[in-house]
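Residues per chain are reported as follows:
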Amino acid sequence: MSTESAIHDSIDTAATTVGSLWPIHSFVTANPLAGFENQPFGEAVTQAADLLGGRGYPSAETFRAALERGQIDPEILDAELSEAGYEDDPEILLDHMANTADATDSDSDTATDRVDQVLTKWLSAFLDEGSAHWSMPNREAGFYTAFRGVAEHDGDIPDEGIITDLPETPSETIETVLAPHPESQWVPIFEEQLAALPGWTGLIKQRADDEGAWQSAYPISLAGYLAARLALLDAVDAAIAPSNTSIDPDPTAELAGAFLRAWEASYRGDLVETVSVESQSLADSDTSGRPDAQMVFCIDTRSEIIRRHIEATGDYETHGYAGFFGVPMEYQGYDTDVSVDACPPILDPQHHVTDVPTDDDTRESHDRLSGIRETADEIIETLEANAATAYGFVETAGSGYGLALAARTLVPGRVQELLDVADDSVPDEHEFCEPLVHHQHTYTGDLPVGLTTDEKVEYAATAFDLMGWETFSRLVVFTGHASETTNNPYDSSLDCGACAGNPGGPNARVLAAICNDTEVRSALRDRGFEIPEDTVFLAGEHNTTTDEVELYDSDVPESHTDDLEQLRADLATARENAAAERAESMRSDASSGVNETERRAADWAETRPEWGLAGNAGFVIGPRELTSGVDLDGRAFLHSYDWSADPDGEALEAILTGPMVVTQWINTQYYFSTVDNAVYGSGSKVTHNPVGNVGVYQGNGGDLMTGLPLQSLMAADDDPYHQPLRLSTVIHAPVDCVNDVLADHAELTDLLDNNWLSLTVVDPTQDHRAFEYEHDLEWSPASELSETDLADPTAPAVSDD
Amino acid sequence: MSGHNSSRTVGSLPDTTADSSLVPVALTWLVWSMFAASIAVLAVRVRTGFVWEIPGAVAIDGLTVLMWVVVTFFSGIVHSYSRRYLAGSRLKTPFFATVFGFTVIVMGLVAANHLALFGALWLAMGLLMAKLIGIVSGWDQAQAAATVARKYFIASSTLLGVALTALWWATGATTVSGLTTASDSLGGPVWLVAAGALVLAAMIQSALIPFHGWLLSSMTAPTPASALMHAGFVNAGGILLTRFAPVISVDPVLMLAIVGVGGASAIGGKLLKSVQTDIKGKLGCSTVGQMGFMIMQAGLGFFGAAITHLILHGFYKAYQFLSAGGQVEHTTPSEGTPHTIGMTTSIVGGVITLLTGLAGGAVFTVLTGKGTHVDSGLLLTFFVVFTTLHAARNAVQHTSLPPAARYGAVPVVFFPAIVIYAAVYTGVSGLMPVSPATTELTLLHGIIAVFFVGIYIGIETGIHERSQRLYVALLNAGQPSADTMLTTTEDYNEY
């Protein structure tokens, strides 16, 4: 093996420890410790703490608050503690935990600090996506070459060592700097260097993997970055030998682990019990009949709230399905140059779908008005950019800014109404555009434009299979979701996670169009889906900030007008109730819920427009009836599934390998962002500074912040709203079926065996008893579920306060 | 969390408690009351033209009252905004207390007449702003940034102290107004020390190049504090020069030097901004340029124009900061700011563009009287014409728009805006304690005009972008101070 390939192999190995960071405009909620998932949770957080400096468990105060609020069942806690060998009173143990809280101060080395400063400067210049007017020279040659070009002019770089005459390729540089070190040290050296600026390296890794438009225009690789870094370290004469200090494990980790397990078990026990009880009553009742409408929502935890309120307004059936509606596509809206991946990051898009105008009159009026708006924006930008006009511009426009300043600060609600009126005068794209679903026999990039009939049938059949559908209402609504926030760099973190931080409406429209296709319908009939003639599919979008559900009804025939009117009225009622619940969870007056949520969506001073997926802790896979009787407080992902319609377990396999993995990503992102908001989250929005359209700094600059901001997780600086629990998955299916799926998927048993999430099965074929996954495909009966609980469905909740 | 419907809640989330402190609410009401009172005083002042004073200590003139209105407005906006923006933050109460204290001190500063009082308030203002920069107490980088700022502000206060002492030494006057009457006798080395120190103090305060370091390292401040800093604090340089106008305008050479340093920052700030990638850094560089322009106006003797500029710029910059979170875009590599020179425009388009620009200047001239005589006032009109011209040129080039919009948009939008600017300018000038020192049109004014045209063409053609060396120099000059950068996010642990 040549040295060059040895270097590249070592870099690839070391790079697994780097958590990918997606650009801020398409925030993806991923596990920051994804590279450690092949190890047990406890070991992974210890290693990550050593490399990145982050905490792995909630703090003693967080546990104490949970204990006081009754969220940790004292009995379960006692059991967990004694199993871990702790006999003291929990209060005393928490005091001990708080006192031994690690006082690790990062021993900042001035030489490497200097290297970090030079690198952040050049990385922010190189990775900039259209923010600077004058971008870094020679970017198209790639990072290493561009850096090599500017390094000679940069007075911040000392004229020492290899940097004075950088070799032409990164490999040569790395080879030269590493020459004194044995090959066995290379991987640890790379790991340590990649962990020095985890934000920027995560972005480089993601960008190189994704091969998007910016990467092909201005390529960067981890090798190029490491070459620049090693050359700089050489210049300041910093030692790069891996530190031999053995990992010093957090002395309280084991104790914290016991508290965490008890907290998780308390929540899980409550959830599992509900599912078991309802599973029994579901088997006893016969559910048939045709509901007035069926609505499919994303599995997102926020859907639970609106679904509960919609179900309360009439004979509606709601379902949970992955929010990209099973269509892995790249989507390009009307009049934009940017294509987005509208599917979960674990999948690659298979189709390119564009919005094409179908109504020329509306399109013209849209184009005219949006053209004027764009021109105005562009004129302002050029006026601001030129030194000779910027000052005159500020003088002529200043009074207008003063007025806007006062209006947006003092009467944000009114401003919103005004903007709405202005917005309504410009037709929305969905009013005159339709996604181009039919196969066009052309390609955009590598992707075929549109879908073939076979593919369409496949996506529709998969949807109905996974949700276990047999009946179809007159109206079937696929509801994507999107957030609506103002002045929020993290807005995409509130959009659909299953669509890689994009709105889910376009995917819903594609699936609705597929299902209305007569050719598809007859093919579906051949496959056993009896869709009545009078069933109409339509798409909608749930605004998760205001709980408004907008229906895209342009294709609904007149015969269904009444059904649609009724549904619309009921959605409005559901919205009022859901918004009131939301307003209350945000400490606001519930009586004006709709106004309050609209204010939050539009107010530029609002740092908590909505709670997003904060609170997420559970994932229920099974029929909605199992949970429809209870209020899950927006904490559970819900995927519809009917085990009796899935004899061969294929649907279950698809759910476990797809949605369950994605929910685990989301859950761990929320977990780690909460337990260490500085290292795995992005800190307070109050001092955020967005950079280069790719990320966010805290304050003046440095490394990119990586996860969710404090205000997405905490009700106040010291009061977490999100409860940092690992995901509790509950499946309604026979244990054997679940075991069969797991046996085929080592990536799932790895996650489970390493305790990244828990899995409980409520087995309808075994008397509705619950079984917990232990490890190595072994199960044990759930302990909390005593016979008396089952016999008495009104038993008080274990951790209900 | 229960009570919405009868169903049982599984694993309900905790009820969160509401903010308890009344300080933010009370201070917000108070500052808006002060705004209302300032408006009332302004109305009386416009009607009667009074100057109210405590002899030897405080004098309330037109500039005082005007700045009271401006300062309480910005402070009120920051208070109201922060009540929601800082919800749940443990910084909230100290933040409000500091911002309110800052407001009161600035109001005192613009009213101060005694030299010692003026100097003391100047120092206090700087120290409170440094405190806001480092208000996140456990964050090392924020403390480092506060230290950087504090050093600059103490330097500026020291310079001011030197200047005030020298002036008192030379004239025996203990008040600012006393200096005005005694300024005729000023001159010689003591005056030079005093005037030079005043100008340097103003440059530091307004973050002019080469003293822009503190401003570009100040983004550890909460966003609303940055808004207050860029809309209020930096303006004090202009206020200082206006207050001491009789002292600095003794010698035209010094005024020329002020024009020089202001102009250099006006150009330099824009160039620094062009290579910045972070939003707050861009806004910081933009402020450096805007303050340079404002100081240049003061150097040209247009103190009214300088004050107008700093007020209007305050609106603009406060807005930009408070909306900084909304400026993330998803772009493709092909987009970017095009260099507009070289784009072809039809002759008709060119003529209409030119006429629009001249008409914009005419509107300004008619309303303000600037430009009716061949004097330095022409320069103010020149910038109005130039801006309108550039906007019209851009609009005309958008051939996708219907002709009515292309040719009509700029007059329809710009002319009313120019009318408002002219009105504000006239109103502000009427309140000035010093009359604008319009001078004859000199070669200098011609050079400035030619220089800005040159810069305009340079930026539009992008000719300077051929130099890698310049790019690196600009990028380095725009870097925040090294120890204020968060290169290890683990250090950010205080919230």
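- Named according to an unreviewed UniProt entry, chain B is NADH-quinone oxidoreductase subunit 5 originating from Haloarcula japonica.
- Its UniProt record gives chain B a comment under Subcellular location (unreviewed entry), which states: "Membrane".

- Going by the annotation in an unreviewed UniProt entry, the name recorded for chain A is Probable inorganic carbon transporter subunit DabA, with Haloarcula japonica given as the source organism.
- The record held by UniProt for chain A lists under Cofactor (unreviewed entry) the comment "Zn(2+)".
- According to the UniProt record, the Function (unreviewed entry) comment for chain A reads "Part of an energy-coupled inorganic carbon pump."

### Points about the domain arrangement of chain A
Reports often express the size of an interface as the amount of accessible area lost when the parts come together.
In step 1: Per the domain assignment, the segments making up chain A are domain 1 (3-30 + 107-235) and domain 2 (294-358 + 411-612).
In step 2: In this structure, domain 1 of chain A and domain 2 of chain A have C-alpha centres spaced 40 Å apart.

### A word on the domain arrangement of chain B
All names here are of chain B.
In step 1: Here the domain parsing of chain B yields domain 1 (23-323 + 478-484) and domain 2 (347-461).
In step 2: Taken together, the contacts link 19 residues of domain 1 with 18 residues of domain 2.
In step 3: Those elements that provide at least two residues to the side of domain 1 that touches domain 2 are helix H2 (62-85), helix H12 (252-275) and helix H14 (303-322).
In step 4: In terms of residue class, the side of domain 1 that touches domain 2 is made up of 11 nonpolar, 7 polar and 1 charged.

### A word on the UniProt feature "domain: NADH-Ubiquinone oxidoreductase (complex I) chain 5 N-terminal" (unreviewed entry) in chain B
In step 1: UniProt marks residues 57-96 of chain B with the feature "domain: NADH-Ubiquinone oxidoreductase (complex I) chain 5 N-terminal" (unreviewed entry), using the numbering shown here.
In step 2: Across residues 57-96 of chain B one finds 72% helix and 8% strand; the C-alpha atoms that close the span lie 28 Å apart.

### Considerations on the nonpolar core
In step 1: Counting 400 residues, the largest nonpolar core has A:Leu511, B:Met129 and B:Leu198 as the members making the most contacts within it.
In step 2: The contact partners of B:Met129, leaving out residues within four places of it in the chain, are B:Phe102, B:Ala149, B:Phe153, B:Met229 and B:Phe233.

### Description of the sheet that holds strand S5 (residues 351-357) of chain A
All names here are of chain A.
In step 1: Spatially, S4-S3-S5-S6 is the arrangement adopted by the 4 strands of the open sheet, whose pairing is mixed. Bordering the open sheet on either side are strand S4 (340-342) and strand S6 (433-435), each of which pairs with just one other strand. Sheet twist, expressed as the average angle between the axes of neighbouring strands with direction ignored, equals 30°.
In step 2: Relative to S5, strand S3 (residues 329-332) runs parallel, the two being bridged by 4 bridges. Of the residues in S5, the one forming a bridge with Glu330 is His352.
In step 3: Contacts from helix H20 (residues 505-516) reach S3, S4, S5 and S6, with the element oriented near 75° to S6.

Rules behind the numbers
Residues numbered from 1 in each chain as written. Chains lettered and ligands numbered in written order. Predicted model: local features only at pLDDT ≥ 70, side-chain atom pairs only at ≥ 80, totals over all residues. UniProt positions renumbered as here; feature names shortened; annotations may be inferred. Domains from an automatic or database assignment. Contact = placed C-beta atoms within 7 Å. Helix = DSSP H or I, 4+ residues; strand = E, 2+ residues; numbered from the N terminus. Nonpolar A, V, L, I, M, F, W, Y, C, P; charged D, E, K, R; others polar. Core = buried A, V, L, I, M, F, W, Y, C linked by C-beta atoms within 7 Å. Buried ≥ 20, exposed ≤ 12 C-beta atoms within 10 Å, placed from the backbone. Pairing = 2+ DSSP bridges. Axes fitted to C-alpha atoms, helices over the stretch in contact; angles between N-to-C directions.

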